[in-house]
Amino acid sequence: MNNKNKKGIEVSIALSESVKLCRFEAISAYPITPQTHIVEHLSELVAEGELAAEFITIESEHSALSACIGASAAGARTFTSTSSQGLELMHEILFIASGLRMPIVMAVANRALSAPLSIWNDHGDVMAARDAGWIQIFCENGQEAVDSIIIATRFAEDRRVLLPVMVNLDGFILSHVVEPIEFPAQESVDAFLPSYDPLYTLHPDRPLTMGAYALPELYTEARYAQENALINSKDVINEVMGEFGKKFGREYRVVESYNCEKADTVFVAMGSMNENIMTAIDELKSRGKEAGLVKIRLFRPFPSEELAEVLSGKKRIIVIDRAMPGGAMNGPVFSEISSLAKIRGLDAILSNFILGLGGRDVVPEAFIDIYNESMARTSTFVKAAKTNYRIVGVRE
Amino acid sequence: MIMPNIELYAANVIPKEEYAVSGHRACQGCAEILAVRLALKALGRDTILTMATGCMEIVSTPFPTTDWKLPWIHVAFENAAAVASGVDIGLKILMKKGKVKKSDINIVAIGGDGGTSDIGLQSLSGAFERYHKFIYICVDNEAYMNTGVQRSSSTPFGAMTTTSPPGKLSMGQPTWKKNMVKIAVAHNIPYVATACPSYPFDLIEKVKKAKMADGPAYLHILSVCPTGWRTASDLSIRYGRLAVESGVFPLYEVENGTYRLSLNPEPLRPVTDYFKGQGRFRHLTDEYIDKIQKRTIKEWEDLKTLCGVK
């Protein structure tokens with residue numbers, strides 16, 4: 001890409017500009033650190049008449065998402081954004097938004113959960129919402145955040161999908177940094193993303209009932225239909241990402257890899273720390289050691305085929321989690337990868353490291369230490385330890 | 001006089017159209033479904049309903065059936081007003097952009113007393129404050145009837161519910177009914193009223209006024225519940241009238257801050273006329289009945305003062 005077309009801009013502001021490019025029509029949001037710059041800039045865009053949208057600054061996140069469902073049901077392209085406690089306050093409504101098949105797009109500036117209160121980054125918030133039936137994308141940098149909003153809006157509204165999407169970006173670490181970002185032209189976005197044409201809406205000319213309840217005879221089938229839509233959405237997501245690449249010159253895939261061809265040992269990670277891992281991989285290379293990185297960009301639906309393909313034949317898989325297991329055997333990403341390894345018969349030594357909680361700094365050197373520690377492992381199961389994961393840098 | 005021009009009204013001028021049709025699963029004698037049915041007649045076809053979880057939702061929409069001939073959405077328990085807010089902004093922008101034909105559509109949120117005065121109070125307050133043009137109807141049957149008659153903040157003092165049972169240390173509901181009307185009025189919205197399906201013309205008139213309001217409107221409708229009140233199912237209309245005639249549930253409206261009595265039932269009947277035959281009050285001792293009677297009269301006198309009635 002030509003750097004001349006890039007603009008130095010804070011990622012939250014850039015993401016809001018992307019919302020404008022997508023011509024979102026209804027926005028309902030409640031401010032929470034570190035999502036605030038997104039809603040502030042959207043407020044400005046609406047106040048200046050640059051974005052023709054109705055924006056309600058509503059009284060809670062629970063109501064924010066409830067109103068999004070109302071607006072989406074009325075037929076409007078609907079956006080919201082939140083973080084941490086806000087996402088948890090929405091929790092009940094998350095499941096209803098997906099169950100009612102509302103293609104709402106939500107940017108989540110990932111932040112740790114209380115208690116203790118922490119405004120800083122980790123993935124504890126989104127991991128607590130991972131099974132809510134939403135499509136979940138993780139962004140590595142600002143350009144991805146901008147492009148992901150456009151891509152997400154397109155596939156969310158695809159009639160083969162009709163599901164809500166969370167676009168995750170690490171709070172502060174990504175949301176508040178200034179990055180060089182290229183913005184697509186409005187005409188190109190308009191061509192890529194036509195005006196939302198909803199399948200069903202609330203209107204007196206076509207009365208219909210949304211949100212009926214299901215008796216035991218039908219609940220399973222209703223949820224089965226929804227689950228199928230979520231699983232099948234992956235093909236559409238791949239298709240839309242492919243089309244975006246052709247049109248805008250930036251290729252995205254649901255799973256991406258760095259230096260994986262030569263390396264027997266690979267990291268698996270999500271979000272902005274991917275950049276630090278790549279720095280560590282380059283440093284390892286300069287020391288004559290090979291490691292790769294598998295980036296999970298799409299966490300839900302879980303891209304098992306794509307991951308199995310890239311992980312197959314690897315000797316060591318190092319899974320990085322940015323959330324506490326909460327009493328589970330391992331971190332949430334590791335749990336997915338270990339079941340994938342078992343199901344797909346991957347013969348690798350798996351290790352799980354948890355780091356970067358509540359804004360704890362993550363530096364490239366940490367991944368070099370993790371690499372060295374993993375290389376010394378002789379099995380996935382650590383016999384002497386109480387847990388099968390290690391929390392990097394924790395003081396006991 | 002229930003309203004100044006009552007002689008103009010008669011049952012045969014109530015719209016014939018039904019938007020809440022027969023076949024629903026409401027209990028025998030349910031005054032709540034009657035209240036909703038009458039309100040929908042007054043609202044007419046150009047209406048979108050957002051409904052809280054509760055009796056009306058559960059009796060009307062076991063998938064794949066529906067009781068509603070109007071566009072209807074149910075999301076959750078505590079957010080009917082927030083969903084209505086969303087429908088409002090959605091329609092507003094789509095009409096502005098010409099994607100939906102411009103027309104007057106009533107946006108109406110309906111919740112029970114729990115969904116309104118307890119769990120839904122925050123989202124309702126927010127929607128009032130934002131001044132969406134919508135009508136909120138609270139159908140108040142004075143407890144969580146749908147889940148098996150548990151107390152709410154709208155349950156009257158002394159009433160027996162499954163979570164305010166009378167016992168050695170209890171005389172039933174230990175708190176006084178929350179005044180939702182005052183809460184609504186405090187938001188400075190243009191129209192607030194109480195109603196009861198025992199007075200159908202008054203109810204219809206008030207729904208029509210709510211439609212015309214230049215902003216949010218709130219209707220608080222007492223809905224007799226034979227199941228939860230332990231009353232005979234053929235006496236629902238009578239109990240609604242006794243609630244009004246005893247001053248327990250006065251009919252009034254507050255238009256742009258101005259209070260007006262819809263009906264002055266003086267001399268008030270004693271509350272015992274209303275309590276008699278209601279299983280939920282059967283345990284009350286004279287001491288408690290006296291306490292309730294005194295409070296009822298005080299509240300009635302306060303309301304008269306607000307309404308400028310001597």
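Note that this is a predicted model, so its numbers are computed, not measured.

> Is there a simple way to think about the sheet that holds strand 13 (residues 298–300) of chain A in this case?
Within a sheet, each strand pairs with its neighbour through backbone hydrogen bonds, oriented either parallel or antiparallel. Residues and elements named next belong to chain A. Within the open sheet, the seven strands sit side by side as 3-2-4-5-7-6-13. Their pairing is mixed. Of all strands in the sheet, those with a lone pairing partner are strand 3 (54–57) and strand 13, marking the two edges. Shown here is a sheet whose adjacent strand axes are inclined to one another by a mean of 20°, direction ignored. Pairing of strand 6 (residues 135–138) with strand 7 (residues 165–170) involves four bridges; the strand directions are parallel. Residue pairing across strands places Phe138 opposite Asn168, the latter belonging to strand 7.

> Just checking my understanding: could you explain the packing of helix 10 (residues 273–286) of chain A against helix 13 (residues 364–375) of chain A for this structure?
Any two packed helices are characterised by the angle at which their axes cross and by the distance between the axes. Residue and element names in this part refer to chain A. Where helix 10 meets helix 13, the closest approach of the two axes is 8 Å, and the angle between their N-to-C directions is 60°. Considering the angle they form, helix 10 stands oblique to helix 13. In terms of crossing hand, the pair formed by helix 10 and helix 13 is right-handed. For the pair helix 10 and helix 13, contact is made by Met273, Asn276, Ile277, Thr279, Ala280, Glu283 and Leu284 and by Pro364, Phe367, Ile368 and Tyr371, respectively. Of the residues belonging to the contact of helix 10 with helix 13, the class tally is eight nonpolar, two polar and one charged.

> What am I meant to see in the side chain of Ser175 of chain A here?
For Ser175 of chain A, the position within the fold is in the loop between strand 7 and strand 8 (178–182). Contact partners of Ser175 of chain A, with chain neighbours within four places excluded, come to Glu10, Val11, Ser12, Pro34, Leu169 and Asp170 of chain A.

> What should I look at first to understand the nonpolar core in this one?
Note on soluble globular proteins: their nonpolar side chains tend to be buried together. Core analysis: the biggest nonpolar cluster contains 146 residues, and Phe79, Leu94, Phe155, Leu311 and Ile337 of chain A together with Phe134 and Tyr218 of chain B have the highest contact counts within it. A total of 10 residues in this core trace back to one element, the largest contributor, which is helix 3 (residues 80–96) of chain B. Each of domain 1 (3–248) and domain 2 (256–391) of chain A contributes no fewer than three residues to this core. Apart from the residues within four sequence positions on either side, Phe79 of chain A is in contact with Leu15, Val19, Phe24, Ala26, Ile27, Ser28, Ile38, Leu42, Cys68, Val105, Ala107 and Ile149 of chain A. Counting 63 residues, the second largest nonpolar core, distinct from the first, contains Ala20, Val36, Leu43 and Ala159 of chain B.

> Any chance you could explain the domain arrangement of chain A here in plain terms?
Accessible area lost upon the coming together of the parts is a frequently used measure of interface size. Residues and elements named next belong to chain A. For chain A, the assigned domains are domain 1 (3–248) and domain 2 (256–391). Centre-to-centre, using C-alpha coordinates, domain 1 lies 28 Å away from domain 2. With 30 residues of domain 1 at the contact, the number on the domain 2 side is 25 residues. Its largest share of buried area at the contact with domain 2, domain 1 owes to Phe138, Glu140 and Lys234, together 30% of the area lost on that side. On the surface where domain 1 and domain 2 come into contact, there are six salt bridges. We note a salt bridge from Glu140 to Lys295, for which the minimum N-O separation is 2.9 Å.

> Would you explain the pairing of strand 10 (residues 258–261) of chain B in this entry?
Residues and elements named next belong to chain B. Burial along strand 10 is one-sided: Tyr259 and Leu261 are buried, while Thr258 and Arg260, pointing the other way, are not. Strand direction decides the pairing type here: strand 9 (residues 252–255) and strand 10, joined by four bridges, are antiparallel. Note on strand 10: the bridge partner recorded for Tyr252 is Leu261. Remark: two residues form the turn of the hairpin made by strand 9 and strand 10, two consecutive strands paired antiparallel; Asn256 in that turn has positive phi of roughly 45°.

> Looking at this model, I keep getting lost on the pattern of salt bridges. Mind explaining?
Side chains bearing opposite charge may pair, as long as their charged atoms lie close to each other. Counted under the stated rule, the structure contains 45 salt bridges over all chains. Among the ionic pairs, Glu290 of chain A bridges to Lys285 of chain A, the shortest N-O distance being 3.3 Å. Residue classification places Glu290 of chain A among the partly exposed positions, given a relative accessible area of 28%. According to the relative accessible area criterion, Lys285 of chain A is partly exposed, its value standing at 33%. Among the salt bridges present, the one from Asp202 of chain B reaches Lys206 of chain B, with a minimum N-O distance of 2.9 Å.

> Looking at this structure, I do not really get the sheet that holds strand 10 (residues 255–258) of chain A. What am I missing?
All names here are of chain A. Spatial strand order, 10-12-11-14-15-16: six strands in an open sheet with mixed pairing. Each having just a single partner strand, strand 10 and strand 16 (389–391) make up the two edges of the open sheet. Between one strand axis and the next, the sheet turns by 20° as a mean value, whatever way the strands run. Both strand 11 (residues 265–269) and strand 14 (residues 316–321) contribute to a ladder of four bridges, which runs parallel. The residue bridging Val266 from the neighbouring strand is Ile317, located in strand 14. Along the sheet face, helix 10 touches strand 10, strand 11, strand 12 (292–296) and strand 14 and points at about 170° away from the line of strand 12. Against the sheet, helix 12 (residues 332–343) touches strand 11, strand 12, strand 14 and strand 15 (349–354), its axis set at about 150° to strand 14.

Calculation notes
Throughout this document, residue positions are counted from 1 along each chain, in the order its sequence is written. The order in which chains are written sets their letters, starting at A; the order in which ligands are written sets their numbers, starting at 1. Since the coordinates come from a predicted model, pLDDT governs what is reported: local features require at least 70, and pairs of side-chain atoms require 80 or more to be given and counted, while whole-chain, interface and lining totals use all residues. Processing note: side-chain calculations cover all non-hydrogen atoms of the structure and skip hydrogens and water entirely. Strands are treated as partners if at least two bridges between them are detected by DSSP. We count a stretch as a helix when DSSP gives it H or I for four or more residues in a row; a strand needs E for two or more, and each element gets its number in order from the N terminus. Axis angles are defined between N-to-C directions and span 0 to 180 degrees, where every axis is a line fitted to C-alpha atoms and, for a helix, only to the segment in contact. Reported orientations rely on four angle classes, namely roughly parallel under 35 degrees, roughly antiparallel over 145, roughly perpendicular from 65 to 115, and oblique for the rest. By the definition used in this description, the sense in which the near helix is turned from the far one sets the handedness, with an anticlockwise turn below a right angle giving left-handed and a clockwise turn giving right-handed. Two residues form a contact once any of their heavy atoms are found within 4.5 Å. In this count, Pro and Cys sit with the nonpolar residues alongside Ala, Val, Leu, Ile, Met, Phe, Trp and Tyr, while Asp, Glu, Lys and Arg are called charged and the others, Gly among them, polar. What is meant by a nonpolar core is a set of buried Ala, Val, Leu, Ile, Met, Phe, Trp, Tyr and Cys residues, joined one to another through side-chain atoms within 4.5 Å. Throughout this description, buried means an accessible area under 20% of the type-specific maximum (1.4 Å probe, protein chains only), exposed means over 50%, and partly exposed covers the range between. The start and end points of each domain follow an automatic or database-based domain assignment. Joining two parts hides part of their accessible area as seen by a 1.4 Å probe, and the buried area is that hidden amount summed over both. We define a salt bridge as a side-chain nitrogen of Lys or Arg found within 4 Å of a carboxyl oxygen belonging to Asp or Glu.

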